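# Structural features, examined
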Amino acid sequence: MATENRKILQVLEGKTLSPPPIWLMRQAGRYLPEYRQTRAEAGSFLDLCYSPDHAVEVTLQPIRRYGFDAAILFSDILVIPDALNRSVRFEEGRGPLMEPIDVDGIYALKGDTIGSHLSPVIETVSRLRVALPAETTLLGFCGAPWTVATYMIAGHGTPDQAPARLFAYRNPEAFDHLLAFLADVSAEYLIAQIDAGADAVQIFDSWAGVLGEAEFERFAVKPVRRMIDAVRSQRPSAKIIAFAKGAGILLKHYRQAVDADAIGLDWSVPLSFARDLQKDGPVQGNLDPMRVVAGGRALDDGIDAILQTLGQGPLIFNLGHGITPQANPDHVTALVNRVRGHS
Ligand code: CP3
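None of these values were measured; they are calculated from a predicted model.

Before going further, it helps to spend a moment on the environment of R65. As for its position among the elements, R65 is in helix α4 (residues 52-66). As for R65 and V332, which are separated by 267 residues in sequence, their C-alpha atoms are 9.7 Å apart. Not counting the four nearest positions on each side in its chain, R65 is found in contact with L32, P33, E34 and P329.

Take a look at the structure:
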């Protein structure tokens, strides 16, 4: 079967590959001139996400340029609140915006519009599987309930998610309801992506790091476990990567607690601790995206440290968070060459 040649799937099964396979979070994005061009043609950012023609094109752009081992569906974690009629908009320079949800709004949420609203995204997945080289792993994704909820409650991005943390203390039942609801609809969305051809899926909990220990358990571990259990109950062989940014030492417990095949590591995770985490299973990460902006020695040293510490175990090479718009595309070429031992 063609899937046997997909290196990222081999690592997710626990194999060690040398060199390790590589993809980058946000690999399709504003640092690429061809992305900026398609983005301008598409109109708004969400128009890009909901246009299979354009979304397929931007997903393939970094594969053509760099030959990454995985393509990640081009979409956004906030298509879920958008599909729940929270009407998300993206404003130039301001990031995502939506009407903040309240307790009544939470209990009024219904999932019945999601399937039709997100059908263009699922169509993008099916078309991608056909368009991609057979050896390229196709990744689907969604946001973790906590991270999606932070935007739904604040109505915009914040530096520390204080609005969502405060809301959760004041309205614990409504907040638990929101997280469980998001877990259930997101599980259905991931299953649809898998059925359309996604080989594996990643769950992004980009704001896990602002939570205290007890809240991490309630808001990050429990809903993600619920989501993964729901996916596996229907698709037992689903491969799942969980990325809890900023979770620090709580990552030791996280993989087993959520039952993920691999865990993503941000760049603040010390490599010695990462090595320890790798004894329990595959890890993905964790180069500081600023090293890709800097290039040169900073880039080379960062890559070498990861390969030396984690290269002898199951590793998917990646950044510790998304690549930024300032990154130089030539630095990404240098990164891929060095990881693959061509320099
Ligand atoms: O990795 C990929 O290449 C797939 C595409 C992808 C995007 N967003 C495209 C995007 C993925 C996986 C995401 C996930 C996402 N979106 C997360 C979790 C991961 C993370 O980065 O923390 C979060 C928190 C969001 C929400 C979001 N989307 C924000 C806060 C913003 C604005 C900030 C920014 O970078 O502009 C977005 C917009 C967004 N999502 C862009 C892209 C390429 C830029 C929009 C543009 O082109 O104008």
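From this point, things continue past the structure.
What follows covers unusual backbone geometry. S18 connects to P19 through a cis peptide bond whose omega is -5°. Geometrically, the link from G285 to N286 is a cis peptide bond, its omega value of -15° lying close to zero. Its location among the elements puts N286 in strand β8 (residues 283-287). Not every positive phi belongs to a glycine, and R26 is a case in point at roughly 60°. With respect to the secondary-structure elements, R26 resides in the loop between α1 (7-12) and α2 (33-42). R26 sits in the exposed class, given a relative accessible area of 55%.

What follows covers the site of the ligand. Taken together, 23 residues lie around the ligand, and R26, Y35, D76, S206 and H321 are the ones closest in. Interatomic distance of 3.4 Å between a backbone N/O atom of A28 and an oxygen atom of the ligand. R30 places a polar side-chain atom, nitrogen or oxygen, 2.7 Å from an oxygen atom of the ligand. Protein chains bury 88% of the 860 Å² of accessible surface belonging to the ligand in isolation.

Turning our eyes to something else, we now look at the packing of aromatic side chains. All told, the structure shown has eleven aromatic pairs when counted by the stated rule. Both rings, one in W146 and one in F219, keep their centres 5.8 Å apart while their planes meet at 15°; by these two values the pair is stacked. Note that W146 is positioned in helix α9 (residues 145-154) and F219 in helix α12 (residues 213-234), a separation of 73 residues in sequence. With a relative accessible area of 3%, F219 lands in the buried category. Among the aromatic residues, those joined into a ring-pair cluster are Y35, F45, F74 and F90.

Right, let's get into helix α5 (residues 79-86). The element α5 is extensively covered by neighbouring structure, given that seven of its eight residues are classed as buried. Turning to α5, its buried residues number three or more, namely V79, I80, P81, D82, A83, L84 and R86. For α5, the elements touching its buried residues are α3 (45-49), α7 (114-117), α9 and α11 (172-196). A positive phi of about 30° marks S87, the residue just after α5.

Counting 127 residues, the largest nonpolar core has F175, Y254 and L335 as the members making the most contacts within it. At 14 residues, α11 tops the list of elements feeding residues into this core. Residue contacts for Y254: discarding those within four places in its chain leaves F216, A220, V221, V224, A242, A244 and I263.

In terms of residue burial, strand β6 (residues 240-244) counts as a mostly covered element, since five of its five residues are buried. Across the two faces of β6 the burial is the same, with I240, A242 and A244 and I241 and F243 all buried. As paired elements, strand β5 (residues 200-205) and β6 share five bridges and run parallel to each other. The residue bridging I203 from the neighbouring strand is A242, located in β6. Traced from β5 through α12 to β6, the parallel crossover comes out right-handed. Direction of pairing for β6 relative to strand β7 (residues 262-264): parallel, over a ladder of three bridges. Bridging across to β7, A242 finds its partner in I263. In the classification by handedness, the crossover that spans β6, the intervening helix α13 (residues 251-258) and the parallel β7 is right-handed.

Cut-offs and rules
Residues numbered from 1 in each chain as written. Predicted model: local features only at pLDDT ≥ 70, side-chain atom pairs only at ≥ 80, totals over all residues. Heavy atoms only, no water. Helix = DSSP H or I, 4+ residues; strand = E, 2+ residues; numbered from the N terminus. Contact = heavy atoms within 4.5 Å. Buried < 20%, exposed > 50% of the residue type's maximum accessible area, 1.4 Å probe, protein only. Near = heavy atom within 4 Å. Polar contact = N/O pair within 3.5 Å; in protein donor to acceptor, adjacent residues only side chain to side chain. Areas by Shrake-Rupley, 256 points an atom, 1.4 Å probe, with all protein chains shown as cover. Phe/Tyr/Trp six-rings, centres within 6.5 Å; stacked < 30°, edge-to-face > 60°. Core = buried A, V, L, I, M, F, W, Y, C linked by side-chain atoms within 4.5 Å. Pairing = 2+ DSSP bridges. Right-handed = clockwise from strand over helix to strand, strands pointing away.

On their own, these measurements won't tell you what the molecule is for.
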